[in-house]
Structure formats: structure tokens, C-alpha cells
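Structural overview for review
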Amino acid sequence: MALLSILCYPDARLHKVAKPITAVDERIQTLIDDMLETMYNANGIGLAATQIDVHERLVVIDVSEERNQPLVLINPEITWMGDERVKGDEGCLSVPGIYDGVERATAVKVTALDRQGQSQTIEAEGLLAICIQHEMDHLKGKVFVEYLSPLKQGRIKTKLVKAQKAER
Ligand code: NI
């Protein structure tokens, strides 16, 4: 297994649209293992392939306290979204240190392939539902800060570009 490097906003590659995965083969198994390791290592609850510069429809998630319930979503599609909305603070491994409010559906139904390539349907609510929506946005090339006002987006960009320069 290997730790993968995570793209950092405002990297333009975060805006690429991911393509469907056509075969759940050995390459995908390795990618899943590496993405899970990378997510756990960064203390994240979700990671989309887009964030590690692989533009294919793959997401890994673990919202459990014990960090032992990995969920793998290949080619996920939301098939139902509840009417109720909730606004909560979100963060993202690609937007380090930034947390801000985003409105999301409180419940969703999603179908996807699991890591064995079997079709699965997940009825999610609460944190899992929010996490699924956040990660699936990544596959569309959308980062959560894009829900914020242009003023806030500008401030976040400036802050992160500065931080990335300081790191070099
Ligand atoms: Ni994210």
C-alpha cells in the first residue's frame, strides 16, 4: 500500500470531471487500498479519486468512530434525495484548515458497485449522507468552497496559495 499525495485547492485538476470505471480489476483494488490508507492517514472521513489526481468515479468513506468501517463506492449515482436540508460546517482534505457551512440533503439513496464489483444500494442519513454528497461533488469537479460566496472563495484561495508557497 502507498500514501498518495492529495491535490490542494485551488489546483485546477480538482475541477476535472471523473469518468466511469469500466472494470473493477487489480489496478482498482490497489487504488482502493491506497486511497483508504491515504484517507485514514490524513484523518479524513472521505476521499474521492479526483483528489489524488485520478479522474475516475471512485470514492472511499469511513464515518465510523472506530475508523474500521470502510465504504467503497464505484460509479456512484444518487437515486433519491430527501426534501429536508441541513446546513453544517464542512471541511475537505483538499482545503486544509478551512471549515464553512454548506447546505445538504439530510438523506440520500445511492447505488454503486462495491469493491467486489457487486451492485449495492445505500440508504444514508446524517453525516454519511452529507459525506456522500461532498465526495460525489468531487467527481463532478466541484469543491465545497464553491458553494460559498465569491468573497469567501477569494479569501480562501489567497490563504491557501500563501500557505502552499510558505511550505515550499
Ligand atoms: Ni473533499
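These numbers come from a predicted model, not from an experiment. (Residues numbered from 1 in each chain as written. Predicted model: local features only at pLDDT ≥ 70, side-chain atom pairs only at ≥ 80, totals over all residues. Heavy atoms only, no water.)

So, about the pattern of salt bridges. Considering all chains together, one arrives at nine salt bridges under this definition. In this structure, aspartate 11 and arginine 13 form a salt bridge, with 2.8 Å as the shortest nitrogen-oxygen distance. Taking relative accessible area as the criterion, arginine 13 reaches 35% and is therefore assigned partly exposed. Taking the shortest distance from any N to any O, the salt bridge between arginine 115 and aspartate 33 comes out at 3.1 Å. One end of the pair, arginine 115, is in the loop between strand 6 (107-113) and strand 7 (119-125); the other, aspartate 33, is in helix 1 (residues 26-41), and 82 residues separate them in sequence. For aspartate 33, a relative accessible area of 27% corresponds to the partly exposed category. (Salt bridge = Lys/Arg side-chain N within 4 Å of Asp/Glu carboxyl O. Buried < 20%, exposed > 50% of the residue type's maximum accessible area, 1.4 Å probe, protein only. Helix = DSSP H or I, 4+ residues; strand = E, 2+ residues; numbered from the N terminus.)

So, on to the environment of serine 94. Among the structural elements, serine 94 can be located in the loop between strand 4 (85-90) and strand 5 (100-105). Overall, the relative accessible area of 0% leaves serine 94 in the buried class. With 44 residues separating them along the chain, serine 94 and threonine 50 place their C-alpha atoms 10 Å apart. Once you skip the residues sitting within four places of it in the chain, serine 94 turns out to touch Ile6, Leu7, Cys8, Tyr9, Leu14 and Gln51. (Contact = heavy atoms within 4.5 Å.)

With that settled, the discussion passes to the sheet that holds strand 3 (residues 71-81). Taken in spatial order, the five strands line up as 1-2-3-6-7 in an open sheet, and their pairing is antiparallel. Of all strands in the sheet, those with a lone pairing partner are strand 1 (46-48) and strand 7, marking the two edges. In this sheet, neighbouring strand axes are inclined to one another by 40° on average, regardless of whether the strands run parallel or antiparallel. Pairing geometry for strand 6 and strand 7, over seven bridges, is antiparallel. What sits directly across from threonine 111, in strand 7, is threonine 121. (Pairing = 2+ DSSP bridges. Axes fitted to C-alpha atoms, helices over the stretch in contact; angles between N-to-C directions.)

To continue, consider the packing of aromatic side chains. The tally for this structure, following the rule as stated, stands at zero aromatic pairs. The ring of tyrosine 147 carries the charged tip of lysine 142 above its face, separated from the ring centre by 4.0 Å. (Phe/Tyr/Trp six-rings, centres within 6.5 Å; stacked < 30°, edge-to-face > 60°. Lys NZ or Arg CZ within 6 Å of the ring centre and 35° of its normal.)

With an omega dihedral of 10°, the bond running from tyrosine 9 to proline 10 counts as a cis peptide bond. Among the structural elements, proline 10 can be located in the segment before helix 1. A positive phi angle, near 60°, is found at asparagine 43, a position not held by glycine. Its place among the elements puts asparagine 43 in the loop between helix 1 and strand 1. The residue aspartate 53 is not glycine, and still its phi comes out positive at about 65°. One can find aspartate 53 in the loop between strand 1 and strand 2 (58-61).

Let us look at the layout of surface pockets. Any empty space left between the atoms is revealed when a probe the size of a water molecule rolls over them. Of the volumes computed, that of the largest pocket is approximately 390 Å³. Forming the walls of the largest pocket are 25 residues, and the residues nearest its centre are Ile45, Glu90, Gly91, Cys92 and His134. Secondary structure elements with two or more residues in the lining of the largest pocket: strand 4, strand 5 and helix 2 (126-139). Of the residues forming the lining of the largest pocket, the biggest block, five residues, is contributed by helix 2. Within the lining of the largest pocket, the residues separate by chemical class into 13 nonpolar, eight polar and four charged. (1 Å grid on protein atoms, 1.4 Å probe; cavity = no way out; pocket = protein on both sides within 12 Å on 5 of 7 lines; lining within 4 Å. Points joined across faces, edges and corners; volume = space filled by probe spheres on them. Nonpolar A, V, L, I, M, F, W, Y, C, P; charged D, E, K, R; others polar.)

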